[in-house]
Amino acid sequence: MLGSTCLLWLLALTFSLVPRAQPLAPQSFEEEETVPPPVPCDYDRCRHLQVACRELQRAGPVACLCPGLSSAAQPPDPPRLGEVHVVAEEGCAVVHWCAPFSPVHQYWLLLWEGRGAPQKGLPLNSTFRKAELKGLKPGGTYVVCVVAANEAGESHVPGAGGEGPQGADMPAFGPCGRLSVPPSPLTLVHAAVGVGTALALLSCSALVWHFCLRDRWGCPRRAAARAAGAL
Ligand SMILES: *[C@@H]1O[C@H](CO)[C@@H](O)[C@H](O)[C@H]1NC(C)=O
C-alpha cells in the first residue's frame, strides 16, 4: 500500500516536472542568440553584376560567410559555361557563365568558327556573368569558351591554340560549349523558292515531253489510232 502510494507520488512528481522543465529550453536559446551564428553571404556566383563576396563581407553589418577560394598566387580555375541564348534574326547570342571558386580579375570570351583561329572578346570586369556575341552568321556553328584571369595568369581552355576544343575536350560544366545559329527565315524562303522553281521546271518539261516530243517521235498506241483513223 505504502509502495503504490510512493509510486503514484513519484509519477505525479515526474509529470509536474516535465512542463516546468520546458520553459528552460527557449531561455537557453535566447542566451545563444546574443552571438548570432554566421550566415552565408548573399553571393551567387552565376548572378550577373555580382559584387565579389569579400566586398559583401566588408560592407555588411555582420561578417557573413564566403565560399573558399583557390590561392591568388595561382591562375583561376575555369568558369562554368551556362545558358547560351541564340537570337538567329539578329545574328547574336547571349552567353551566361558562373564564376569559379578562385579570385578573378577579369573575363573574356573566345569564339571559334570551324577550324579558324579564335576571336578574343573584349575584357569584362569580375562582376560580369553574361556577354553578347554579335555578327554570327545564319546557319553557322561555333565553339565559345569563357576565360577567367587574375594577376597570376588565365584559366585553362581545353584545346586552345588552333582549332578550339573538339568533342571529348568539351566536358559538361566546363568553360566551353557549342553554339549553332539556325538558318535565317530568309534563307528558308530562298530554299523554298528554289525547290518550287525546280518542281515547276520538272512539270513543264513533263508537259513539253507529253505534247510535243511524244507526238513527233510517235507513241505506239497513238500512231496505231491515227493509222486506224486514216483508213
Ligand atoms: C564592372 O562593370 C560594370 C558595368 O560596366 C560597372 O557597373 C561596375 O562598376 C564595374 N565594376 C568594377 C568592380 O569595376
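Residues numbered from 1 in each chain as written. Predicted model: local features only at pLDDT ≥ 70, side-chain atom pairs only at ≥ 80, totals over all residues. Heavy atoms only, no water.

1. Focus on the site of the ligand
Thought 1: Neighbouring the ligand are the residues Asn 125, Thr 127 and Phe 128.
Thought 2: Contact distances for the ligand include 2.3 Å between an oxygen atom and a side-chain N or O atom of Asn 125.
Thought 3: Computed on the free molecule, the ligand has an accessible area of 370 Å², of which 34% lies beneath the protein chains in the complex. (Near = heavy atom within 4 Å. Polar contact = N/O pair within 3.5 Å; in protein donor to acceptor, adjacent residues only side chain to side chain. Areas by Shrake-Rupley, 256 points an atom, 1.4 Å probe, with all protein chains shown as cover.)

2. Quick look at the pattern of salt bridges
Thought 1: Inspection of the entire model under this criterion finds three salt bridges.
Thought 2: The salt bridge involving Glu 113 is made with Lys 137; its shortest N-O contact spans 3.2 Å. Of this pair, Glu 113 sits in strand E3 (residues 106–113) while Lys 137 sits in the loop between strand E6 (130–133) and strand E7 (141–150); the two residues are 24 residues apart in sequence, bridging distant segments of the chain.
Thought 3: The class for Glu 113 is partly exposed, based on a relative accessible area of 34%.
Thought 4: Among the ionic pairs, Glu 132 bridges to Lys 134, the shortest N-O distance being 3.7 Å.
Thought 5: When its relative accessible area of 65% is taken as the criterion, Lys 134 is described as exposed. (Salt bridge = Lys/Arg side-chain N within 4 Å of Asp/Glu carboxyl O. Helix = DSSP H or I, 4+ residues; strand = E, 2+ residues; numbered from the N terminus. Buried < 20%, exposed > 50% of the residue type's maximum accessible area, 1.4 Å probe, protein only.)

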